[in-house]
Amino acid sequence: MSARLLYVMDPMCSWCWGFAPVAAALIDQARQAGVETRLVVGGLRSGSSALDASTRRYILEHWQAVNQATGQTFQFEGAMPDSFVYDTEPACRALVTARSLDADKVWTLLVLIQQAFYQRAEDVTLAPTLVNLAEQAGFDRAAFAAAFTSADQRSATAADFTWVQDLGIAGFPTLLAERNGQLALLTNGYQALESLEPLLGRWLERAAYA
């Protein structure tokens, strides 16, 4: 029997930040049952122009809603300054790179990227910022930097985006349970742990006897 969870998200998705404690608890619940989780990046947003005032205000309203719904903290002051280009591909690629180098450490890097962006207003679209965070997560700085800029990791990141699009996943976070190649949807969008923990528990129980 082959079983795993697939956590489809974007590190610069505010609802994914809101979902972070729930995701961590569910991943741990699955791990205790012998089921590992693979991180898949979705590619929330890409662009080559700086945010305008109305778009920035719209995004910050979402952040306020996530804060109120989940209790996750945000630094609103100084977030996404005038020159900021909201391109999530580099942060996604950092996670794909981490996944290829040491899959266990990808979760640490994810938390560091989310904290840097949402709690400290750091620009996690910049390679030096991401390399610094990867080093904090325990990766060799030079090796990570070289892999991060490689064509292979750019292609692997694009492949994640394409897989998510082909599956028709329209929102993040999404948590899928895969058993013997068959996918089951646990959630598409934020839900509280109280709702998802028993749902995952039932799936894990069935998976154990499949």
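Summary of the structure given here. On a predicted model such as this, the values are computed, not experimentally measured, just so you know. Starting afresh in each chain, residues are numbered from 1 along the sequence in its written order. Restriction of local features to residues with pLDDT of at least 70 applies here, the model being predicted, together with a cutoff of 80 or more for giving and counting side-chain atom pairs; totals for whole chains, interfaces and linings are based on all residues. Side-chain figures throughout are based on the complete set of non-hydrogen atoms in the structure, without hydrogens or water.

Before going further, it helps to spend a moment on the overall build of the protein chain. Counting secondary structure elements, the protein chain contains eight helices and four strands. Using C-alpha atoms as the atom set, the radius of gyration is obtained and then compared with a globule rule of 2.2 Å times the number of residues to the power 0.38. Computed over C-alpha atoms, the radius of gyration of the protein chain comes to 17 Å, within 12% of the 17 Å expected from 2.2 N^0.38 for 210 residues, which places it in the range of a compact globule. Taking the principal axes of its C-alpha atoms as reference, the protein chain extends roughly 55 × 40 × 30 Å. Throughout this description, buried means an accessible area under 20% of the type-specific maximum (1.4 Å probe, protein chains only), exposed means over 50%, and partly exposed covers the range between. Taking all 210 residues of the protein chain together, the buried fraction comes to 45%. Any two residues whose heavy atoms approach within 4.5 Å are treated as being in contact. Residue pairs in contact within the protein chain that sit at least 24 positions apart in sequence constitute 74% of those at least 6 positions apart. Accessible surface computed for the protein chain: about 10,000 Å², of which carbon and sulfur atoms make up 49%. Separation of charge centres in the protein chain, based on 15 positive and 22 negative side chains, amounts to 3 Å. Only runs of H or I of at least four residues qualify as helices and only runs of E of at least two qualify as strands under DSSP, and these elements are numbered from the N terminus. Here the open area of atoms and residues is found with the Shrake-Rupley method and a 1.4 Å probe, where only the protein chains shown may cover a residue. In this tally Asp and Glu are treated as negative and Lys and Arg as positive; neither His nor the chain ends contributes. A charge is said to be at NZ when it belongs to Lys, at CZ for Arg, at CG for Asp and at CD for Glu.

Before going further, it helps to examine the pairing of strand E1 (residues 3-9). Within E1, six of the seven residues are buried, which leaves it mostly tucked inside the rest of the structure. Two strands qualify as a pair provided DSSP detects at least 2 bridges between them. Looking at chain direction, E1 and strand E2 (residues 37-41) are connected through five bridges and run parallel. The residue bridging Val8 from the neighbouring strand is Val40, located in E2. For crossovers, right-handed means that the path from the first strand over the helix to the second runs clockwise, given strands pointing away from the viewer. In this fold, E1 hands off to helix H1 (residues 14-32), which returns the chain to E2; that crossover is right-handed.

A contiguous nonpolar patch, built from Trp163, Leu167 and Leu183 and spanning about 250 Å² of accessible area, is present on the exposed surface. Relative to the helices and strands, Leu183 is located in strand E4 (residues 182-188). When its relative accessible area of 37% is taken as the criterion, Leu183 is described as partly exposed. Patch members must show over 30% relative accessible area and no salt bridge, and they are joined within 9 Å when carrying like charges or within 5 Å when they are nonpolar side chains of Val, Leu, Ile, Met, Phe, Trp or Tyr. Here, a salt bridge means any Lys or Arg side-chain nitrogen found within 4 Å of an Asp or Glu carboxyl oxygen.

Bringing the packing of helix H3 (residues 89-101) against helix H6 (residues 141-148) into the picture now. Think of each axis as a best-fit line through the C-alpha atoms, taken over the contacting stretch in the case of a helix, with angles from 0 to 180 degrees between the N-to-C directions. With their axes 9 Å apart at the nearest point, H3 and H6 run at an angle of 120° to one another. Judged by the inter-axis angle, H3 sits oblique to H6. Between H3 and H6 lies a crossing of right-handed hand. Here Pro90, Arg93, Ala94, Thr97, Ala98 and Leu101 of H3 come into contact with H6, specifically with Phe144, Ala147 and Phe148. Only Asp, Glu, Lys and Arg are considered charged in this grouping, and only Ala, Val, Leu, Ile, Met, Phe, Trp, Tyr, Cys and Pro are considered nonpolar; every other residue, Gly among them, is considered polar. In terms of residue class, the contact of H3 with H6 is made up of seven nonpolar, one polar and one charged. Orientation is classified from the angle alone, with under 35 degrees giving roughly parallel, over 145 giving roughly antiparallel, 65 to 115 giving roughly perpendicular, and any other angle giving oblique. Crossing handedness follows the turn of the near helix against the far one: under a right angle anticlockwise gives a left-handed crossing, and clockwise gives a right-handed one.

Remember that the coordinates give geometry; whether it matters functionally is a separate question.
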